[in-house]
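A look at the structure
These are the residues of each chain, in order.
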Amino acid sequence: MCCSGVLFEIVKLQPEDSIRDLEKLGMQINRKKTEPYFKQPCRFLDDCTCKIYEQRPTRCRRFSCFQLELLAAGEIDEAAALAKIQEARSKVASLKSELEKAGDFNTDTALTERVEQVLISQPNEGMMEQMRELKIFLGRHFRTLT
Ligand code: SF4
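Residues numbered from 1 in each chain as written. Predicted model: local features only at pLDDT ≥ 70, side-chain atom pairs only at ≥ 80, totals over all residues.

Pairing is antiparallel across the open sheet formed by 3 strands, whose spatial order is S1-S3-S2. With partners counted over all chains shown, the strands left at the sheet margins are strand S1 (10-12) and strand S2 (29-30), one partner each. Where S1 and strand S3 (residues 37-39) come together, 3 bridges link them in antiparallel fashion. Within S3, the position partnered with Val11 by the bridge is Phe38. (Pairing = 2+ DSSP bridges. Helix = DSSP H or I, 4+ residues; strand = E, 2+ residues; numbered from the N terminus.)

Taken domain by domain, the chain holds domain 1 (10-62) and domain 2 (66-141). Taken over C-alpha atoms, the centre of domain 1 sits 22 Å from the centre of domain 2. (Domains from an automatic or database assignment.)

The next thing to look at is the packing of helix H4 (residues 78-101) against helix H6 (residues 125-141). Between H4 and H6, whose axes approach to 10 Å, the crossing angle comes to 155°. Compared by their axis directions, H4 and H6 come out roughly antiparallel. Crossing angle aside, the handedness with which H4 passes H6 is left-handed. When H4 is examined against H6, the residues Lys84, Ala88, Lys91, Val92, Ser94, Leu95 and Glu98 are found in contact with a partner set consisting of Met127, Gln130, Met131, Leu134, Phe137, Leu138 and His141. The residue makeup of the contact of H4 with H6, split by class, is 8 nonpolar, 3 polar and 3 charged. (Axes fitted to C-alpha atoms, helices over the stretch in contact; angles between N-to-C directions. Parallel < 35°, antiparallel > 145°, perpendicular 65-115°, else oblique. Left-handed = near helix turned anticlockwise from the far one by under 90°. Contact = placed C-beta atoms within 7 Å. Nonpolar A, V, L, I, M, F, W, Y, C, P; charged D, E, K, R; others polar.)

Next comes the structure, spelled out in structure tokens:
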């Protein structure tokens, strides 16, 4: 979920990242802003694997989700973390199913962006509420301040 456009819409590059090297690998970097970034879903995500793991950008290296942090600190066990991940996946799948019903099959765009685009042309209270609940859930159980 960290790389699939569910948790994040963009990843900002850091001064220690080599834009040239990442572009050579095929990363599409937006340089228009002061902090260059690349969009999510990441083109290097292959199922649950990063295809450029050894060369991945700094923020990818540093990020660990809240479930992983709780697990590493011994505050939850693996079963609890997996249950939370499953719950998140189920909420995401349900929202994606709503998007598809609305005619959106755009898997190259982050989830929030997809929902926003659909809602512009097709106001849908149910979808809006699902997105709102998912954002709260992800914020509470997965995002960290790092
Ligand atoms: S470069 Fe790798 S770790 Fe970073 S977002 Fe893409 S798939 Fe994920």
